[in-house]
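Commentary on secondary and tertiary structure
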Amino acid sequence: MENSKRSPRLRRQLRGVYLYEGACCLDITTAVWVALLAARGYSLWQIGLAEGVFHVVSLMAEIPSGMAADLLGRKRTLALSGVMAAVSGALMGFERGFGFVMASMACSALAYNLISGTLQALTYDSLCEEKRTDLYPAVQARCAWLESAGALLGRLAGGLTAVLSFTRFYLVDVGLSFLRSAAALTLREPTVTEAQAARQAADVRTLLRSLPRRLREHVRATVHFLLHSPAVARLLLANALIGVPSFLIQMFLQQRLRDAGVPTALLGLLICLFELGHPLGAWLSLRVRPPRLLALYAACAALAGACTLAAGLAPLGLALAGGCGFAAVDMLWTLCSERRMNAEFPSDQRATLVSVNSMTYSLLMIPAAPLVGLAGDITGRAGAGLALLGGALLAVGAAAAAKLLLYKRRGVRYNKK
């Protein structure tokens, strides 16, 4: 019934979005890269530093990549992401020292940046173009389910390390990365505003010639929006705080499993249990419609902290359950907050503003990744840093709950955003 209300053009575009989302999520390295580098003699501190480099580059490139998507075209930006991911895989596959690892992480960050905000902006504006933004929660949830399915397949493919050499394993990743670029070519640029229509009509040379002027205007409009939207600015910080453990749990729980004697080839199978939490969180996001987000944030931050603490200190069975629980909570909060933010973002700056969201996360991850690794090296327990991080998130949840109670006692109507 709902599908019949969509135009053929929108149906084709959404099929392309789902295809690209699925191609992006066929990532076979995420579940095993820490173990693979540790097996090649790198310390947890070095691995944490490599992850920190990822976030330094991400921080520097996040907003420029969002601006590129808004000013030069989102389809082109998504295609380039696949190319950068392939370069990253090649550098890691032919690794000849820590410099190769660092360069690979830098290229991986660029690939991530080029998607970050871009696909979300293209999807939301495609719905805006057809005046069907009411479909966004359902589309968003389907993308999350596809992401989980792709990540599950990718983590299961981590078992290929048992039959493939280090180099050949990463060459498979290179081939999968090029699939992203092919999937991007099936998409269409949506046109919601006059500026987007002008960009569509202009050739590449004209776009590049006018880029300095348009860039100045774009920066001015983006800064003006952020300065005059304090509720959105608070959401950006809230997202970053609750999201910090998302990748660190996978990183350092890998090492906990490895220290317990789990073969590298089985790590992907165990870590893929986390993916069971993502579809649960996406399903909950369709049913949890809080009129205000502060109460939801207090609950999600506290639950995320408890799950991170379990991933760091609990017996391995409960640690894996903690990772799965964190994935569900993180997905629930992310989808609910993204809906609120996209309803506020102007179309011409949408990819840039979503990139600001990711940049805020990277800003926190730059110190967090090596510090969590350092705590593991100092204590000799890979989960020690996760325990500290979980305690910090519990404190954030408690602070949000206290703020909510204070508002209620004073009878203050806090901002619904």
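This report concerns the structure included in the present document. (Residues numbered from 1 in each chain as written. Predicted model: local features only at pLDDT ≥ 70, side-chain atom pairs only at ≥ 80, totals over all residues. Heavy atoms only, no water.)

Turning to the nonpolar core, a few remarks are in order. Nonpolar side chains tend to gather and get buried jointly when the protein is soluble and globular. Judged by nonpolar contacts, the single largest core of 77 residues is most densely connected at W33, I47, L248, M251 and W333. Take this core: its biggest share by element is ten residues, from helix 16 (residues 293-313). Non-local contacts of M251, meaning those with residues more than four positions away in its chain, are made with W33, V34, I47, G48 and E51. Listed in part, the 21 residues of the second largest apolar core include V17, Y18, L122 and Y136. (Core = buried A, V, L, I, M, F, W, Y, C linked by side-chain atoms within 4.5 Å. Buried < 20%, exposed > 50% of the residue type's maximum accessible area, 1.4 Å probe, protein only. Helix = DSSP H or I, 4+ residues; strand = E, 2+ residues; numbered from the N terminus. Contact = heavy atoms within 4.5 Å.)

Given a rise of 1.5 Å per residue, 19 residues ought to cover 27 Å, and the 28 Å separating the end C-alpha atoms of helix 8 (residues 166-184) matches this to within 8%. Regarding helix 8, the residues found buried are F166, F169, Y170, D173, V174, L176, S177, R180, S181, A183 and A184. Its buried side turned inward, helix 8 meets helix 1 (8-24), helix 2 (33-39), helix 4 (74-93) and helix 5 (98-115). (Expected span 1.5 Å × (residues − 1).)

A separate point is the pattern of salt bridges. Enumeration over the complete set of coordinates arrives at nine salt bridges. The closest approach of N and O atoms between R74 and D125, which form a salt bridge, is 2.6 Å. Note that R74 is positioned in helix 4 and D125 in helix 6 (residues 118-129), a separation of 51 residues in sequence. Taken as a pair, R74 and D125 share a single burial class, namely buried. Among the salt bridges present, the one from R188 reaches E129, with a minimum N-O distance of 3.1 Å. Here R188 is found in the loop between helix 8 and helix 9 (194-201), whereas its partner E129 is found in helix 6, with 59 residues between them in sequence. Each of R9, E129, E130 and R188 takes part in one network of salt bridges that share partners. (Salt bridge = Lys/Arg side-chain N within 4 Å of Asp/Glu carboxyl O.)

To continue, consider a nonpolar patch on the surface. A surface patch of nonpolar side chains, about 410 Å² in accessible area, is lined by W45, L371, L374 and I378. Mapped onto the elements, I378 comes out in helix 18 (residues 350-379). Taking relative accessible area as the criterion, I378 reaches 65% and is therefore assigned exposed. (Patch = residues over 30% accessible without salt bridge, like charges linked within 9 Å, V, L, I, M, F, W, Y side chains within 5 Å. Areas by Shrake-Rupley, 256 points an atom, 1.4 Å probe, with all protein chains shown as cover.)

Moving on, we come to the packing of aromatic side chains. Following the criterion strictly, the structure yields eight aromatic pairs and no others. Seen in terms of ring centroids, F166 and Y170 are 5.1 Å apart; in terms of plane orientation they differ by 50 degrees. Their pairing is tilted. Taken together, the positions of F166 and Y170, both in helix 8 and four residues apart, correspond to about one turn of that helix. The exposure class assigned to F166 is buried, which follows from its relative accessible area of 13%. Joined through ring pairs, the aromatic side chains of F166, F169 and Y170 make up one cluster. We note R40 situated over the ring of F166; from NZ or CZ to the ring centre the distance is 3.9 Å. (Phe/Tyr/Trp six-rings, centres within 6.5 Å; stacked < 30°, edge-to-face > 60°. Lys NZ or Arg CZ within 6 Å of the ring centre and 35° of its normal.)

Between helix 18 and helix 19 (residues 384-410), the shortest axis-to-axis distance is 6 Å and the interhelical angle comes to 130 degrees. In this view, helix 18 runs oblique relative to helix 19, as classed from their interaxial angle. Between helix 18 and helix 19, the residues in contact are V372, A375 and T379 and A384, G385, L386, L388 and L389, respectively. Of the residues assigned to the contact of helix 18 with helix 19, the class counts are six nonpolar, two polar and no charged. (Axes fitted to C-alpha atoms, helices over the stretch in contact; angles between N-to-C directions. Parallel < 35°, antiparallel > 145°, perpendicular 65-115°, else oblique. Nonpolar A, V, L, I, M, F, W, Y, C, P; charged D, E, K, R; others polar.)

So, on to the packing of helix 13 (residues 245-259) against helix 18. Axis separation between helix 13 and helix 18 bottoms out at 10 Å; the angle between their running directions is 25 degrees. Overall, the two elements helix 13 and helix 18 adopt an arrangement that is roughly parallel. Judged by the twist between their axes, the crossing of helix 13 over helix 18 is right-handed. On the side of helix 13, the interface is formed by S246, F247, L248 and F252, while helix 18 contributes Y361, M365, A368, A369, V372 and G373. A breakdown of the residues in the contact of helix 13 with helix 18 according to their chemical character gives eight nonpolar, two polar and no charged. (Left-handed = near helix turned anticlockwise from the far one by under 90°.)

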